[in-house]
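# Structural overview
Residues per chain, in single letters:
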Amino acid sequence: MHTFPTARLLALGAAILFGCAAHAAAPDAEHPSVKRPHSLPPSADLTYTIKARQHGLSIGGTATVQWRAADGKYLVATESRAALFGKILENRSEGLVDDYGLAPATFYEKRFRKDPSNTVFKRDVKTITFSEGDESYPLKGGEQDRTSIQWQLAAQARATPDKFKPGSEWNYFVAGRRDAEVWSFKVVKSEVVQVGAGEVNAVHLVKAPPPDAQGQQVDLWLAPTMDWYPVRVRFNDNDGDFVDQTLEKAVKK
């Protein structure tokens, strides 16, 4: 049996967290703040299958996502488990819904054998702060965290599906564990994705790292016939490692 060092589990956990980036935060001058129409998907519990290759090892696992949206509030709670090793990642984003869409108040993350981190969106003083490090950023409106961003995209695509055409680009200011930066998504095309219930057509978006960085490429597939739920997410490293997360089941709540 292969051993699985802690560093590899941490790498897998970091990859499963949507869009784990490895480049420096973008300067404030590039901080986008754009109001767009949004229509939040119905509350649901979603289950995903995880297939990955990390440091030459093939790894399997599962992820569960609790998505709740009601009464002007939202919650996304995610838990990822790797076979034989149990829970390797837990994260949670919650906050309000405002004119920009999702408006996170807190972003919590707990990785395998790491202390938890908290990112706080202090809307009374219009500042983003982090429990890890002394960085802070202004709140201008529309900012997301690395868990909420999938659902912000889904909500905006659900409201204006005609705008999510191949070649269109969508920019957001996204906070992580200790900093924040601009993420740019580009719509590629509509593709068929195999999910637990069969095949679905999904809109494929790509977040590529900047040309001068070594961050991950993130591919996201949103399914129009399933209320634009994320049906697949894939993280590709430039060394060939990957994590591929595919929807098995979605139960509306």
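Computed from a predicted model, the values in this text were never measured in an experiment.

Scoring rules and cut-offs
Residues numbered from 1 in each chain as written. Predicted model: local features only at pLDDT ≥ 70, side-chain atom pairs only at ≥ 80, totals over all residues. Heavy atoms only, no water. pLDDT = per-residue confidence, 0-100. Helix = DSSP H or I, 4+ residues; strand = E, 2+ residues; numbered from the N terminus. Contact = heavy atoms within 4.5 Å. Core = buried A, V, L, I, M, F, W, Y, C linked by side-chain atoms within 4.5 Å. Buried < 20%, exposed > 50% of the residue type's maximum accessible area, 1.4 Å probe, protein only. Expected span 1.5 Å × (residues − 1). Polar contact = N/O pair within 3.5 Å; in protein donor to acceptor, adjacent residues only side chain to side chain. Pairing = 2+ DSSP bridges.

Mean pLDDT over the protein works out to 88, with 86% of the residues at or above the 70 mark. Taken element by element, the protein is modelled with least confidence in helix α1 (residues 6–16), mean pLDDT 61, and with most confidence in helix α2 (residues 148–159), mean pLDDT 98. Overall, residues 21–29 carries pLDDT values under 50, and its contacts beyond four positions in sequence, including any with other chains, amount to 19 contacts.

Okay, the nonpolar core next. Grouped together as the largest cluster of nonpolar side chains are 48 residues, with contacts concentrated most on Leu46, Trp67, Leu153 and Val231. Setting aside residues up to four positions removed in sequence, Leu153 forms contacts with Phe164, Trp170, Tyr172, Phe185, Leu205, Leu220 and Leu222.

Note: most residues except glycine have negative phi, and most peptide bonds are trans. Of note in this structure, Asp71 is not a glycine but carries a positive phi near 55 degrees. With respect to the secondary-structure elements, Asp71 resides in the loop between β2 (57–70) and β3 (73–82). With phi around 65 degrees, Trp228 is a residue other than glycine that occupies positive phi space. With relative accessibility at 7%, the residue Trp228 sits in the buried group.

Turning our eyes to something else, we now look at α2. Since the α-helix turns once every 3.6 residues, residues separated by three or four places project in the same direction. Between its first and last C-alpha, α2 extends 17 Å over twelve residues, near the 16 Å set by a 1.5 Å rise per residue. In terms of burial, α2 is largely enclosed, as ten of its twelve residues are buried. Along α2, the residues classified as buried are Ser148, Ile149, Gln150, Trp151, Gln152, Leu153, Ala154, Ala155, Gln156 and Ala157.

Checked against the element boundaries, Arg177 lands in the loop between β10 (169–175) and β11 (180–195). A relative accessible area of 7% means that Arg177 is categorised as buried. Polar side-chain contacts of Arg177 include one of 3.0 Å to the side chain of Glu109. There is a polar contact of 2.4 Å between the side chain of Arg177 and the side chain of Glu132. In this view, Arg177 contacts Phe107, Glu109, Arg111, Asp115, Ser117, Thr119, Phe130 and Glu132; residues no more than four positions away in its chain are not counted.

With ten bridges connecting them, strand β4 (residues 86–98) and strand β5 (residues 101–111) associate as antiparallel partners. Across the sheet, Leu89 pairs through a bridge with Arg111, a residue of β5. Hairpin connection from β4 to β5: two residues lie between these consecutive antiparallel strands. Where β5 lies against strand β6 (residues 117–122), four bridges are found, and the strand directions are antiparallel. Among the inter-strand pairings, Phe107 is bridged to a residue of β6, identified as Thr119. Hairpin remark: β5 followed by β6, antiparallel, with five residues in the connecting loop; positive phi at Arg113, about 60 degrees.

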